[in-house]
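Coordinate inspection notes
Spelled out from the first residue to the last, the chains are:
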Amino acid sequence: LVSIAALLGGAEQVLATDLARPNVERALMSAKLNGVDLLGDVFDVTSSQALPSPEGYQRCFDFVVFSDVLYWPTEAAAFGRRAAEAYATGSTVLMVDPGRRRDDFLGALQAELVARLDETPEAMPEMLLEPVQFPAHVFSWVSTEVRTASSLF
């Protein structure tokens, strides 16, 4: 979990969200096993509800990270809109995904940034798309089932 890694790496406060309460509860249990204090909440990115606000901060989290979430077109577009929402409040946004539904995400991100920042597409902030190459041995750690399931998207 990215949220636990962030805490283990020195982040002061991390909020992990998921659409399903059992996933949030598992993240909280895992954090406890790892000796870190994680905040968790159920959140639906497709809802009209604003992004959760960090406790003890004025406006935004320093970083908002979306990891391995671009499976379906509707959700990918919603994550694009949420990325723009976070950026507009001052957060640095990181999207970590193997590239599924990339165009859905980027299209919604750009449209929402234009709407929120009242700027033309040419004046958009720089978006760095940096593919990562993993050593071949990393794939030996992933089960055949997970590789097959991931290839379907």
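Residues numbered from 1 in each chain as written. Predicted model: local features only at pLDDT ≥ 70, side-chain atom pairs only at ≥ 80, totals over all residues. Heavy atoms only, no water.

1. A closer look at the nonpolar core
It is characteristic of soluble globular proteins that their nonpolar side chains tend to be buried jointly. Condition: What we call a nonpolar core is a set of buried Ala, Val, Leu, Ile, Met, Phe, Trp, Tyr and Cys residues that are connected through their side-chain atoms within 4.5 Å. Any residue under 20% of the maximum accessible area for its type is buried, any over 50% is exposed, and the rest in between are partly exposed; the area is computed with a 1.4 Å probe on protein chains only. Think of it this way: any DSSP run of H or I at least four residues long counts as a helix, any run of E at least two long counts as a strand, and we number them from the N terminus. Any two residues having at least one pair of non-hydrogen atoms within 4.5 Å are treated as being in contact.
In terms of nonpolar packing, the biggest core is built from 17 residues, with F79, F105 and L109 touching the most fellow members. Going through the elements one at a time, strand 3 (63-67), helix 3 (73-88) and helix 4 (102-117) are the ones with two or more residues in this core. Ranked by residues supplied to this core, first place goes to helix 3 with 6 residues. Other than its neighbours up to four places away in sequence, L109 contacts G80, R81, A83, A84 and M127.

2. Let's talk about the packing of helix 3 against helix 4
Short version of the rule: For helices, the fitted axis covers only the stretch in contact; all axes are lines through C-alpha atoms, and the angles between them, taken along N-to-C directions, range from 0 to 180 degrees. Crossing handedness is defined as follows: a turn of the near helix away from the far one that is anticlockwise and smaller than a right angle gives a left-handed crossing, while the clockwise case is right-handed. Under this grouping Gly is polar, as are all residues other than the nonpolar Ala, Val, Leu, Ile, Met, Phe, Trp, Tyr, Cys and Pro and the charged Asp, Glu, Lys and Arg.
The geometry of helix 3 relative to helix 4 is characterised by a closest axis approach of 7 Å and an angle of 35° between their N-to-C directions. Helix-helix and strand crossings are classified by hand; for helix 3 and helix 4 the assignment is right-handed. Of the residues in helix 4, those touching helix 3 at P73, A76, A77, F79, G80, R81, A83, A84, E85, Y87 and A88 are D104, F105, A108, L109, E112, L113, R116 and L117. Broken down by class, the residue content of the contact of helix 3 with helix 4 amounts to 13 nonpolar, 1 polar and 5 charged.

3. Looking at helix 2 (residues 21-33)
Put simply, the rule reads: The span one expects for a helix is its residue count, reduced by one, times 1.5 Å. Starting at the helix axis, one direction is taken to each C-beta atom, and the arc is that of these directions.
Here helix 2 is 13 residues long and its end C-alpha atoms lie 18 Å apart, about the 18 Å a rise of 1.5 Å per residue gives. Those residues of helix 2 that fall on the buried side of the exposure criterion are V24, A27 and A31. The buried residues of helix 2 occupy an angular sector of 60° when the element is viewed end-on, so they sit on one face. For helix 2, exposure combined with an orientation more than 90 degrees from the buried face picks out R26, M29, K32 and L33. Its buried side turned inward, helix 2 meets helix 1 (2-8), strand 1 (15-18) and strand 2 (39-42). Positioned one or two residues after helix 2, G35 has a phi angle of 75°, which is positive.

Any link to function would need more than the numbers given here.
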